[in-house]
Structures are given as structure tokens and as C-alpha cells.
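Observations on the model geometry
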Amino acid sequence: MNIKINGKIYEAKAGEAIFAVCKKNGIKVPTLCSTKKFQEGVCRICVVEIGGRLVTSCNTKVCEGMEIVTESEKIEKARRINLELLWADHAGKCATCKKNQMCELQNLALEYKIENFHFIPRKGEITGAEELDLIKDNWSRVVVENENPCISRNSELCIECRRCINICPEKKFGFNYRGNSVVVGTPYEKVLDCSFCGKCVEACPTGALTDQNNYLKIVEDLDNLEKFSVAVLDLGIEEKILKAMGKISPEKDLNKLLINLGFEKIVKLGKENLKIEFVKNIKDEYSRTKKINQQDIVVFFISSRIYEKAKRDKNLDYILSEREVARLVRDKEKIKIGKIHPIK
Ligand code: FES
């Protein structure tokens, strides 16, 4: 069938959503909740106009002759209000957030030049006694969990987009409480216990689900001139790192970026040495060939296999995801964090 988007004719299949047709044809429509597989119409950032009426493009199917507008004053106003509403539910602690500059909500707020917030927060940051009264019931339901070995959770930053609920193959997330008090969490808010595939962290648009690590210790080890830091790159991770970095650095030479971060040696896992056992033998190898004490060699495995973090091994010091490498690059470029010493 033929449909019109912004005055131009496009071909579309019956059953396709407007958002999917736009995406296929390179027409930008923002989203904070849709994924390839799930379009629930939760964030309402994807609104477009059909005959002057606003509809969510992710879950509105195309039909013959449809005329769609993706940018207008009315659309912009609606997107801005929806962004403000989402922000009201989100503790705006950007300066200290792991996802600062890598957060989809923050990026859209910047793009839509949100300056004032007109809505009272339902949870998270509060500024006055009256607000505290209004939300104190929710305050107690903010969950910050750092007890599992792989994934850090902070419900203050959650915008309830449902991506984690939809994407988790083990169905570990769901809604807790009801109505105005609803929050996304684990059943009975127990410590997250799963196979840690990391899909939820990858999908989370904000800093509500992030990688677990001793970040300050990592920075300290990388800056320590007495340590020999080895980065072992998992198969296919290079592309993911560059994607995770987004607008953080224009540098596309990954080797250069890693050397700048403080790595002395970069090893790439190929098909022949794909096994993690290879990574674990690196300390032996370098202490033998480079005559360096084993305790002065720090091995970082850069991989999306974040479940490996749960398996402690003395020959493998850190497992860093592509997101954590992007965070290191971000901090290296902005502040000289290496001068900060971890609190003992
Ligand atoms: S992408 Fe359509 S409502 Fe979120």
C-alpha cells in the first residue's frame, strides 16, 4: 500500500506500524520505550499527526492513503510535555550518573531544549516539605540494589518504559505496587538473581539498570604506572564500543582510545582463541615473556558477556562491558578522575 509521510509517498505493508515504516525509510521519530520486538505505547514520545490528531506511531498501524506528519509545532509541544512528565518521575542526578551523556532521556531533553519542569516529582529528588508530603509514600519504594555481582539497579532513575520487563528472557522484572505507587522491580524486591545476560542493561534508556563494577578501583589501576594493564577484546566488541560511545568522542581508532585510557597491551580474541580460558592464561604468558610480576599485571576482559563477572578468577581482574569503556572515555575526556582516590 502507499502512504504519505511529510508529503512524500512511501510503500508500506499491511500490519506495519507507522514508527517501523518511518525507521525503514530513515525518518527520525524519537522513542524511549520501543524496541525492535515490543511496541507498547508507554513513553508517548513517538507521537505523530494524522489529520491533525496525535497518535503514538509505534503502535498505530498504517492503512492505505494515510497521511502522516512527523514534525509540527503540535507534535513538538506534545513531545516536550511527555518528556517533562517522564522527567518528573526520574531523579535528575545527571552529574553523578553512570549514564551521563549516554542516557536516552537526557539526550532527548537536550534535543528538545527542556529548560523548565512543570510537574511535581512522584519519587526521587524532592525540594520542599510539601513535595515530601506528596510523595513520601513512594519515597520508601525507591530501590537501590548493588548486591548482585553483575547488574546495578536504581529505581529512582527508572521511567517505567517496560523495556526490561519485555526483554528479560527469564521474566525477572515486573511491576510492584499499584496505581500511583507503581515501580518496576524484581518479585518482592529481592536481590536480582538470574543468568545475567545483560539484555536489560543494554535496553535501559536511563541509569536505572547499569553494569556493576568497582569503578574507582578500575580507574586507579589504569592510572597506576606500576601496573601493566592488558585489554582483551572479545569477538565483535569493537563495533559495540564505538556504538556505545555515541557522541562522546569523535575518535574512531579504538586502539588509540584504549591506549589513552591507560592500557599497555591490547589483545584481540579471534575465532581460534574465543574461549575465556585463553584470557585467564594471559598473566602467565606475560610474566614469562615480558618478565613482569604476575601481581603487577591487570587483565581486563572487554566483553558483553557480563555474566562472567559473577565467576571470580584470580587471573582475570575485571570484565568491562562496552558501556563501561564508553564511561571511562567520557570521564577521561571531561575530568581527570585519576587524581581522585577511592574512599577506603
Ligand atoms: S515509542 Fe511509542 S509510546 Fe514509546
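Residues numbered from 1 in each chain as written. Predicted model: local features only at pLDDT ≥ 70, side-chain atom pairs only at ≥ 80, totals over all residues. Heavy atoms only, no water.

1. Digging into the pattern of salt bridges
Scanning the entire structure with this criterion turns up 19 salt bridges. Among the salt bridges present, the one from Glu71 reaches Arg79, with a minimum N-O distance of 3.7 Å. A salt bridge links Arg305 to Asp234; the nearest nitrogen and oxygen atoms lie 2.9 Å apart. Of this pair, Arg305 sits in the loop between β13 (297-302) and β14 (318-320) while Asp234 sits in the loop between β11 (228-233) and α8 (237-245), and the two are 71 residues apart along the sequence. (Salt bridge = Lys/Arg side-chain N within 4 Å of Asp/Glu carboxyl O. Helix = DSSP H or I, 4+ residues; strand = E, 2+ residues; numbered from the N terminus.)

2. Quick word on the environment of Val232
With respect to the element layout, Val232 can be found in strand β11. Apart from the residues lying within four places of it in its own chain, the contact partners of Val232 are Val267, Leu269, Val279, Ile282, Val299, Phe300, Phe301 and Ile302. (Contact = heavy atoms within 4.5 Å.)

3. Quick look at helix α7 (residues 215-223)
Listed in full, the buried residues belonging to α7 are Tyr215, Ile218, Val219, Asp221 and Leu222. Take α7 and look down its axis: the buried residues cluster within an arc of 165°, on one side only. (Buried < 20%, exposed > 50% of the residue type's maximum accessible area, 1.4 Å probe, protein only. Arc of directions from axis to C-beta.)

4. A short note on the sheet that holds strand β12 (residues 265-268)
One open sheet holds the 4 strands; their spatial order is β12-β11-β13-β14, and the pairing between them is parallel. Either end of the sheet is taken by a strand with one partner, and the two such strands are β12 and β14. Taken over all neighbouring pairs, the strand axes of this sheet differ in orientation by 25° on average, direction set aside. Two elements, β11 and β13, share 6 bridges in a ladder whose sense is parallel. When the sheet's bridge partners are listed, Val232 is paired in β13 with Phe301. Each of β11, β13 and β14 is contacted by α7, which is oriented at about 105° to β14, the strand it contacts most. (Pairing = 2+ DSSP bridges. Axes fitted to C-alpha atoms, helices over the stretch in contact; angles between N-to-C directions.)

5. What about the environment of Leu209?
Take Leu209: it is sitting in strand β10 (residues 209-211). Residue Leu209 is classed as buried on the basis of its relative accessible area of 5%. The sequence separation of Leu209 and Ile151 amounts to 58 residues, and the corresponding C-alpha distance is 6.6 Å. Sequence-distant contacts of Leu209, that is, excluding residues within four places in its chain, are made with Ile151, Ser152, Arg153, Cys164, Phe173, Cys200, Val201 and Cys204.

6. Brief notes about the side chain of Asn166
Mapped onto the fold, Asn166 is located in helix α5 (residues 163-167). Side-chain polar atoms of Asn166 contact the side chain of Glu40, separated by 2.7 Å. (Polar contact = N/O pair within 3.5 Å; in protein donor to acceptor, adjacent residues only side chain to side chain.)

7. Section: a nonpolar patch on the surface
A cluster of nonpolar residues, Ile81, Leu85 and Phe119, forms a patch on the protein surface that exposes about 240 Å² of accessible area. In this structure, Ile81 sits in helix α2 (residues 73-88). (Patch = residues over 30% accessible without salt bridge, like charges linked within 9 Å, V, L, I, M, F, W, Y side chains within 5 Å. Areas by Shrake-Rupley, 256 points an atom, 1.4 Å probe, with all protein chains shown as cover.)

8. Here we look at empty space enclosed by the protein
Inspection of every chain in the model, using the stated rule, returns 4 cavities of 30 Å³ or more. For the largest cavity, the calculated volume is near 170 Å³. Residue lining of the largest cavity: 19 residues in total, with Cys158, Cys164, Val184, Ala208 and Leu209 positioned closest to the centre. Among the elements of the structure, β7 (151-154), α5 and β9 (183-185) are those that each provide at least two residues to the lining of the largest cavity. Partitioned by chemical class, the residues of the lining of the largest cavity number 11 nonpolar, 4 polar and 4 charged. Residue lining of the second largest cavity: Lys98, Lys99, Met102, Val201, Leu209, Thr210, Asp211, Arg323, Glu324 and Arg327, and that is the complete set. Secondary-structure elements contributing two or more residues to the lining of the second largest cavity are β10 and α12 (322-334). (1 Å grid on protein atoms, 1.4 Å probe; cavity = no way out; pocket = protein on both sides within 12 Å on 5 of 7 lines; lining within 4 Å. Points joined across faces, edges and corners; volume = space filled by probe spheres on them. Nonpolar A, V, L, I, M, F, W, Y, C, P; charged D, E, K, R; others polar.)

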